[in-house]
Amino acid sequence: MSLKDLNLKISYRSSEDNMVKDFYNPVLSEAIKYKRAVGYFTLSSLVNASQGLSNLIANGGSVEIIASPKLTEDDINTINMGYKMKEDVYLDAMIRELSDITSPIESERLNYIATLIADERLDIKIAIMDNYGAYHEKFGIVEDIANNKIMFTGSMNETSNGQYTNFESFVIFKSWENGMNEYIDEYVNNFDDLWQNKTNRLEIKEFPNAVKEKLLEYRQPTYKEENTPLDNEIVESDLLDNKYPRLPEWFKPREYQIEAINNWKNNGYKGLLSMATGTGKTLTGLLGLTTLFNGEKKLASIIVCPYQHLVEQWAEDVRAFNINPVLCYSKYDWKSQVYRKVKFINNDTIDNFTIITTNSTFTSSDMKEFISQIKCNILLIVDEAHNSSQGEMRFALDNKYIYRLGLSATPKKFRNEEATDFIYDYFGGEVYSFDLKRAIEEGFLTKYYYYPHVISLTEDEQEIYNDLSAKIAQNIKEENGKVIINDFAKNLLIKRARLVAAASNKLIELRDLLANYKDKNYILVYCGAAKTIDDDTDTEVKQISKVCKILGNEYGISNHKFTAEESPDERKDIIDMFSDGKSLQAIVAIKCLDEGVNIPAIQHAFILASSTDPKEFIQRRGRVLRKYKDKEFAFIHDFVTVPSSYEYNGNLVETELKRVYEFNELAFNKKDNDELINELASNYNVDYESVMNANDKYLVKDDDYE
């Protein structure tokens, strides 16, 4: 065949044509020369057209490209600020693009490009203008073995976005048609002038050796020919990776996981799974996704997590189920990927795709717009589903999601009956429960010893506590049987909770306990979002900073704080160092470990501060009880705050004892602590029945006590 046999159209438009399948691959398959001058170029455009390139290689063909690499906004700012020469920024951009290649299929297809470079049949030159302009020209010339030529020109850059995402068009001039050679010859001459650096206002630079060397890393002794018929080709490598959801060979669903999904299925593929930490709710959710897809045969799945680190954790498990997900949050350029997924599933090019995103990105206007365009049934999986009633998440949960699966160890919202009702109504009720007691008894979590340490407020702290309590009482009223707390009282509640969290005697007790832990590993210390006085400088510092100082300076215990201030990459490094049992003995955290962070190595936990919300201390306990090598028991030290003397009101003690009772009920040494609980209740005149009732008398939000 030749170019003349391809029945090429006069023009191509994104509304009617697939630029790669309908033009690039068939044209390059017949080519022996391909010359392209274009404003922006990315290597991904050649990766996408790899079928045509593989045929071009077989034809003994060559490729010449003149372009400007695609720059990010940060790249442009770097140039404008004069931090780097423009050439260096272009180099960084090209190296960055290659560093983002992770797919085996993309790597194989880069082998085609590396083969062309190694055989000196692909050459790329960089067009650089002065600081007041950009190279935006866009034309290409293709020649076959019979000297037939085509020239195309139009709006499209040589980028993946140009090929798939943007609305583009171009026209074609064919040498075998009357009157066309004059136009083609002019563009051939223009390209030759560019190539030889003879064009005014432009400087043409050689392709950087650093990028060429990076590309050559992908060179293999042989390359796989792409024999997929052109009209059936799925043109994106990430789509080729994502065939269909299926169970990995190593995953043998447990009976309770099968039961949970059967209950969900029988409830119309709607429901909440209330499953304790460590019982495999993520894998159970993916079992549900796979089961549903096998019945539907066409499905879009959206997995929503409250935090970025949970997106990354989910991604690892999702990929094991033969799914190549799109990760959507600020770290990724996800919009073009989601756009293409929606486009392909709507036109039946693919039969499934999966998005994993954060609550924040899920509720964004861009994501809502993309989801609104999906024309097939959608499965919505919400991790930590107890957060679903808050803020924008609540308004994003609409009826478009035919199938719904909520996952949580604690789906009920404490002190908020209305929010709990919303969560249960939206997801279709709780269809399966696997509580912490069962998880421990059946060996999915580690047994634990519980040690409550009674800490008294000082007289000064007690005086402040009493003053805050009096003001809180003045700003609480009851309407229609419901307790109403105004904003002023809520702020006072926060101050009072932080006062309790930062009780100075806690650090005295912590010092005494740590004397026996200097040579131990796998230590976790939970602090409050509170401040205390630094002993050396007599200035106010965060409690977490002082705890880190005590651990490191006084006892030589290597430690690192784990807070929202650390980046996801830093957190991963901290977890790795902590888990190896050598590099880092202790982690000091505030709230960042409460949901989803998986550090099973934790064995010794010191809880300096807790809110009154059972969700928090149940999750914290589950975090400590995860199974780990050589971990027979976990050890939990709970700092229980009481008034400075028995004469004061026992409300604080009642609040603290509710947590102590909850922790102690499942402890291996439960009997050892029963006497202490009874003694505290008696000394502070607390009704023991109220201790067993975990409901707080004030229906306020979780954050009010943080």
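Thresholds applied
- Residues numbered from 1 in each chain as written.
- Predicted model: local features only at pLDDT ≥ 70, side-chain atom pairs only at ≥ 80, totals over all residues.
- Heavy atoms only, no water.
- Pairing = 2+ DSSP bridges.
- Helix = DSSP H or I, 4+ residues; strand = E, 2+ residues; numbered from the N terminus.
- Axes fitted to C-alpha atoms, helices over the stretch in contact; angles between N-to-C directions.
- Buried < 20%, exposed > 50% of the residue type's maximum accessible area, 1.4 Å probe, protein only.
- Contact = heavy atoms within 4.5 Å.
- Patch = residues over 30% accessible without salt bridge, like charges linked within 9 Å, V, L, I, M, F, W, Y side chains within 5 Å.
- Areas by Shrake-Rupley, 256 points an atom, 1.4 Å probe, with all protein chains shown as cover.
- Salt bridge = Lys/Arg side-chain N within 4 Å of Asp/Glu carboxyl O.
- Lys, Arg positive; Asp, Glu negative; His and termini not counted.
- Charge placed at Lys NZ, Arg CZ, Asp CG, Glu CD.
- Core = buried A, V, L, I, M, F, W, Y, C linked by side-chain atoms within 4.5 Å.
- Phe/Tyr/Trp six-rings, centres within 6.5 Å; stacked < 30°, edge-to-face > 60°.
- Lys NZ or Arg CZ within 6 Å of the ring centre and 35° of its normal.
- pLDDT = per-residue confidence, 0-100.
- Expected span 1.5 Å × (residues − 1).
- Polar contact = N/O pair within 3.5 Å; in protein donor to acceptor, adjacent residues only side chain to side chain.

Caption draft 1: Structural detail: the sheet that holds strand β19 (residues 523-526). A sheet is described by the order of its strands in space; here six strands give the open sequence β16-β25-β24-β19-β23-β22, paired in parallel fashion. Each end of this open sheet is capped by a strand with a single partner; those strands are β16 (447-456) and β22 (559-562). Shown here is a sheet whose adjacent strand axes are inclined to one another by a mean of 15°, direction ignored.

Caption draft 2: Local environment of the pairing of strand β14 (residues 403-408). The buried fraction of β14 is high, at six of six residues. Alternating positions in β14 separate into two faces, Tyr403, Leu405 and Leu407 on one and Arg404, Gly406 and Ser408 on the other, with burial throughout. Two strands pair when backbone bridges link them, and strand β9 (residues 270-275) and β14 are joined in this way by five bridges, in the parallel orientation. Paired with Lys270 across the bridge in β14 is Arg404.

Caption draft 3: Local environment of the environment of Ala530. Topologically, Ala530 is positioned in the loop between β19 and β20 (531-533). Sequence-wise, Ala530 and Val500 are 30 residues apart; in three dimensions their C-alpha atoms are separated by 9.1 Å. For Ala530, the residues in contact, after removing those within four places along its chain, are Arg498, Ala501, Ala502, Val541, Lys542 and Gln543.

Caption draft 4: Focus on a negative patch on the surface. Taken together, Glu459, Asp460, Glu463 and Glu647 make up a surface patch of like negative charges. One can find Glu647 in the loop between β25 (633-642) and α26 (651-665).

Caption draft 5: The arrangement of the side chain of Ser301 in detail. Relative to the elements of secondary structure, Ser301 occurs in strand β10 (residues 299-305). When its relative accessible area of 2% is taken as the criterion, Ser301 is described as buried. Discounting chain neighbours no more than four positions away, the residues touching Ser301 are Leu289, Phe353, Thr354, Ile355 and Leu379.

Caption draft 6: Geometry of the environment of Leu202. Along the chain, Leu202 turns up in the loop between α8 (181-195) and β8 (203-206). Given a relative accessible area of 14%, Leu202 falls into the buried group. Each C-alpha atom, one on Leu202 and one on Ala134, is 9.4 Å from the other, the two residues being 68 residues apart in sequence.

Caption draft 7: Quick look at the pattern of salt bridges. Scanning the entire structure with this criterion turns up 23 salt bridges. Its salt-bridge partner being Asp366, residue Lys335 comes within 2.7 Å of it at the nearest N-O pair. On the criterion of sequence distance, the pair formed by Lys335 in helix α14 (residues 335-346) and Asp366 in helix α16 (residues 365-372) is long-range, its members being 31 residues apart. Residue Asp366 is classed as partly exposed on the basis of its relative accessible area, which comes to 33%. Lys572 is paired through a salt bridge with Asp576; the nearest N and O atoms lie 3.1 Å apart. One end of the pair, Lys572, and the other, Asp576, are both in helix α24 (residues 568-579), four residues apart, so they sit about a helical turn from each other.

Caption draft 8: View of unusual backbone geometry. Positive phi values are uncommon outside glycine, yet Asn322 reaches one of about 65°. Looking at the element boundaries, Asn322 is found in the loop between α13 (308-320) and β11 (326-328). Phi angles above zero are rare outside glycine, and Asn685 is one such case at about 55°. Counting through the fold element by element, Asn685 comes out in the loop between α27 (670-683) and α28 (688-692). Judged by relative accessible area, which is 73%, Asn685 ranks as exposed.

Caption draft 9: Seen up close, the nonpolar core. Counting residues in each nonpolar core, the largest one holds 77 residues, and the members touching the most others are Leu273, Trp314 and Ile356. Formed by 33 residues, the second largest nonpolar core is a distinct cluster that contains Ala300, Val338, Phe362 and Met393.

Caption draft 10: Highlighting the packing of aromatic side chains. With the rule as written, the count across this model stands at 33 aromatic pairs. Note on Tyr256 and Phe434: the rings are 4.5 Å apart at their centroids and 55° apart in plane angle, and the pair reads as tilted. Here Phe434 lies in strand β15 (residues 430-434) and Tyr256 lies in helix α11 (residues 255-266), a separation of 178 residues in the sequence. Here the guanidinium or amino end of Lys9 rests over the ring plane of Tyr12, the centre of that ring lying 5.4 Å away. The ring of Phe422 has Arg394 lying over it, and the distance from NZ or CZ to the ring centre is 4.2 Å.

Caption draft 11: Inspection of the confidence of the model for the chain at higher detail. On average, residues of the chain score 82 in pLDDT, and 79% of them are at 70 or above. Taken as a whole, residues 78-86 scores under 50 in pLDDT and shows 14 contacts with residues more than four places along the chain or in a different chain. Within the model, the stretch residues 695-706 combines pLDDT values under 50 with 40 contacts to residues more than four positions away or in other chains.

Caption draft 12: A look at the environment of Phe562. Position of Phe562 among the secondary structure elements: in strand β22. Along the primary structure Phe562 and Ile544 are separated by 18 residues, whereas in three dimensions their C-alpha atoms are 9.6 Å apart.

Caption draft 13: Structural context of the sheet that holds β9. Taken in spatial order, the seven strands make up an open sheet running β11-β12-β10-β13-β14-β9-β15, and their pairing is parallel. Where the open sheet ends on each side, the last strands, each with one partner, are β11 and β15. Between one strand axis and the next, the sheet turns by 15° as a mean value, whatever way the strands run. Bridge count between β10 and strand β12 (residues 352-358): seven bridges; the pairing is parallel. Residue Ile303 lies in a different strand from β12, and its bridge partner there is Ile356. Taken strand by strand, α13 contacts β10, β11, β12, β13 (378-383) and β14, and its axis lies near 155° from that of β12.

Caption draft 14: Molecular detail of helix α21 (residues 487-501). Over its 15 residues, α21 extends 21 Å from the first C-alpha to the last, a length consistent with the 21 Å expected when each residue adds 1.5 Å. Taken as a whole, α21 has its buried residues at Ala489, Leu492, Leu493, Ile494, Arg496, Leu499, Val500 and Ala501. Sitting at the amino-terminal end of α21 is Asn486, which places a side-chain oxygen 3.2 Å from the backbone nitrogen of Phe488.

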